[in-house]
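# Examining the three-dimensional arrangement
The chain contents come next:
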Amino acid sequence: MLKLTNNPNVIKWVEQMEALTKPDQVVWIDGSEEQLEALRKESLANGEIQLLNQEKLPGCYYHRTAVNDVARVEDRTFICSKRQEDAGSTNNWCDPKEMYDKLTPMYDGVMKGRTMYVIPYSMGPIGSSLAKVGVELTDSIYVVLNMHIMTRIGADAFKNLGDSSDDFVRGLHSKADIDPENRYIVHFPEDNTIWSINSGYGGNVLLGKKCFALRIASYQGKNEGWMAEHMLILGIEKPNGEVTYVSAAFPSACGKTNLAMLIPPEGYTSKGYKVWTVGDDIAWLKKGKDGRLYAINPENGFFGVAPGTNKKSNFNALESTMKNTIFTNVAINNDDNTVWWEGLDKNPPENATEWKGSKVNGKEYTAEGNKLAHPNSRFTAPARNCPCISKEFDNPEGVPISAMIFGGRRAKTAPLVYQALDWAHGVFVGSIMASETTAAASGAVGVVRRDPMAMLPFCGYNMADYFQHWLDMGEMLGDKAPKIFNVNWFRTDDNGKFIWPGFGDNMRVLDWIIERAAGDADAAETALGYEPKPEDINIEGLAADGITLEVVKDLLNVDIDLWKEEVSGIKEFYKKFGDKLPQELKDQLSALESRLG
Ligand code: GTP
Ligand code: SPV
Ligand code: MN
């Protein structure tokens, strides 16, 4: 089979991994439609994927993972730097040699009777100086088909590498036996290497995504003076045509895809406001020629949470899934061979197959409290399917970022929105982020945990050094640095119901944010930072949702007692970092404490 590059570093490594895993054959993925179509046929024939209704969902397929393999596994994810202190206290660490020695026998001969696919891919537009090259070796066609949607694959990806460079990320994946006891997602940042074994679930196996574009890339970014963040990127176009770009970091399943594609309320669209999506999960950010911070989305598709996605909550995401999409662990409506999930509509199909594969009466099944789709079921959809994809999506220079937003799920503490006093305070605000856990990772759901910058599971090096890197980036950007904000869409009332309507109505908060970032909006100073005056949040048309000026006041309220408790929680969390915690953050914490009185 034709190799797609003459780069000796690539060829040597592929040969070494072939010798280790011993596949029956090696196939280089050139990205051609012909080759992909042949792979789809093979995958259909062996039952790995199923064809969906091609009239209603052209080019769409269905896949079901093993029941024990439905989310990222943070307790089995490792950062193997030479020194433990370089992985830090928030990562699982193992000595690289020890880890290679442990995993090598597991990979030995693991691909016997299987094919090894060699997937060259680019994270970022091909030709962009911000883009980087990866090669993933895998024995899963499902992985090949997903990587085709999520990244830019094929021979072109090697263009950025050249004939002799060694600067590519080496990803080795085998589904092996999908054995949860021997599942490992392992990163060797100092070797540009990722080894993943015994899983077939997205975040564990699409190695360009969390493994490369966040864990390895965050480490590269620290060394090279840029940032890799768990952030969506969107552009807000004002009626005069001016577009302001913002990026936002929320933990997994906390609303990035939704915010990235939001449709503004009628009062805004009628005036001519528009929202454009650049990315929904990951941003790579670097100082541009004009001194501002520029962002690219390194991905090429969306690996989005299906449940909760519907015409009203996220029309653009739903539209994106109408063709050439792979659905994983949702339910099937057997009447017309389409898909269904909780929150798509109020009519669970009677003739359904639930995500684990049993045929059930969906109405009765859900009435008994069962879920037809797994809460972390996902769609893999090409970014170009999105009706509001930005025309800057492929811009190799990226887009200039005016504001960066942090947020999470907090039932009580965090107000609807506030602005950090300056960059260093903004880094503090990001570092104290906390959120209720979701189904995106295995483990308990709904427990509040600290998740700095939404990067707790994704920072590929010591988080205290990561905080310092953020502070250093601020120094580098000076007064051209984006303004930093914090939002919370998830405050609940006494009945546990979300108060803020969220989704498209989040535009009302973005509106204040972009005006503030431009220096054109008022603010009041609180113990936390700057907040809008309640009357500066546009609530026109929200009366039916029960949103009055009083409610906005309430949503913006800072409960001093709760925040004093919060300060003790932060102190406890900061202890994890010992001497490495930047002094600046300690000072910020003292300053918050004294502002709280
Ligand atoms: P990952 O892909 O895991 O990184 O998740 P994400 O951050 O992109 O989250 P996503 O936008 O897929 O949202 C996850 C869940 O949060 C869905 O069930 C949404 O319905 C819900 N959600 C998103 N935005 C809002 C909001 O503004 N308000 C409320 N109440 N729920 C929201
Ligand atoms: C997340 O969990 O933040 C995701 C999905 O975006 S995964 O690719 O599984 O990481
Ligand atoms: Mn994510």
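## Things to note about the site of ligand 1
Around ligand 1 sit 21 residues, and of these A253, K256, T257, N258 and R378 come closest. Within the side chain of R378, an N or O atom sits 2.7 Å from an oxygen atom of ligand 1. Burial of ligand 1 by the protein chains amounts to 90% of its free accessible area of 660 Å². For the shell around ligand 1, the secondary-structure elements that each account for two or more residues are α8 (256-260) and β18 (301-305). Grouping the amino acids of the shell around ligand 1 by side-chain chemistry returns 10 nonpolar, seven polar and four charged. Counting contributing residues, the shell around ligand 1 receives three or more from each of domain 2 (229-297 + 393-595) and domain 3 (302-385).

## What to know about the coordination of the manganese ion (ligand 3)
On the protein side, the manganese ion (ligand 3) has K210 (NZ), H230 (NE2) and D281 (OD) as donor atoms, found 2.2 to 2.5 Å from it. Here the donor residues for the manganese ion (ligand 3) map to a single chain with the spacing K-x19-H-x50-D. Pair noted here: H230 is in the loop between β12 (227-229) and β13 (231-237) and D281 is in the loop between β15 (274-279) and β16 (283-287), with a separation of 51 residues, a long-range link. On the basis of relative accessible area, H230 is assigned to the buried category, the value being 0%. D281 sits in the buried class, given a relative accessible area of 8%.

## Digging into the sheet that holds strand β20 (residues 331-333)
Taken together, the four strands give an open sheet; going across it, the order is β21-β20-β22-β23, and neighbouring strands pair in antiparallel fashion. Bordering the open sheet on either side are β21 (338-340) and β23 (359-360), each of which pairs with just one other strand.

## Notes on the nonpolar core
Across soluble globular proteins, you tend to see nonpolar side chains buried next to one another. Of all hydrophobic cores here, the largest spans 95 residues; its most connected members are W284, L285, F406, W423, Y466, W470 and Y574. Counting only domains with at least three residues in this core, you end up with domain 1 (8-30 + 75-224) and domain 2 (229-297 + 393-595). Counting residues in each nonpolar core, the second largest holds 58 residues, with L52, L259, A317 and V417 among its members.

## Things to note about the site of ligand 2
Around ligand 2 lies a shell formed by R72, Y201, G203, K209, K210, H230, S252, D281, F303, R378, A440 and F458. Side-chain polar atom of D281 to an oxygen atom of ligand 2: 3.4 Å apart, as the coordinates give it.

## Regarding helix α14 (residues 507-517)
Of all 11 residues in α14, 11 are buried; the element is thus mostly enclosed. For α14, every residue scored as buried is listed here: M507, R508, V509, L510, D511, W512, I513, I514, E515, R516 and A517. Looking one or two places after α14, you find G519, whose phi comes out positive at around 80°.

## Here we look at the pattern of salt bridges
Pairing between side chains of opposite charge can happen when their charged atoms approach one another. Evaluation of the coordinates by the stated rule reveals 35 salt bridges. The partner of K132 in a salt bridge is E224, and the shortest N-O contact between them spans 3.2 Å. Separated by 92 residues along the polypeptide, K132 in strand β7 (residues 132-138) and E224 in helix α7 (residues 208-224) bring together distant segments of the chain. Overall, K132 belongs to the buried group, its relative accessible area being 12%. E224 gets classed as partly exposed once you look at its relative accessible area, which sits at 45%. Salt bridges here are not isolated pairs; linked through shared partners, they connect R83, E85, D86, D465 and K580.

Cut-off values and rules
- Residues numbered from 1 in each chain as written.
- Chains lettered and ligands numbered in written order.
- Predicted model: local features only at pLDDT ≥ 70, side-chain atom pairs only at ≥ 80, totals over all residues.
- Heavy atoms only, no water.
- Near = heavy atom within 4 Å.
- Polar contact = N/O pair within 3.5 Å; in protein donor to acceptor, adjacent residues only side chain to side chain.
- Areas by Shrake-Rupley, 256 points an atom, 1.4 Å probe, with all protein chains shown as cover.
- Helix = DSSP H or I, 4+ residues; strand = E, 2+ residues; numbered from the N terminus.
- Nonpolar A, V, L, I, M, F, W, Y, C, P; charged D, E, K, R; others polar.
- Domains from an automatic or database assignment.
- Donors = N, O, S within 2.8 Å, 3.2 Å for Na, K, Ca; no water.
- Buried < 20%, exposed > 50% of the residue type's maximum accessible area, 1.4 Å probe, protein only.
- Pairing = 2+ DSSP bridges.
- Core = buried A, V, L, I, M, F, W, Y, C linked by side-chain atoms within 4.5 Å.
- Salt bridge = Lys/Arg side-chain N within 4 Å of Asp/Glu carboxyl O.

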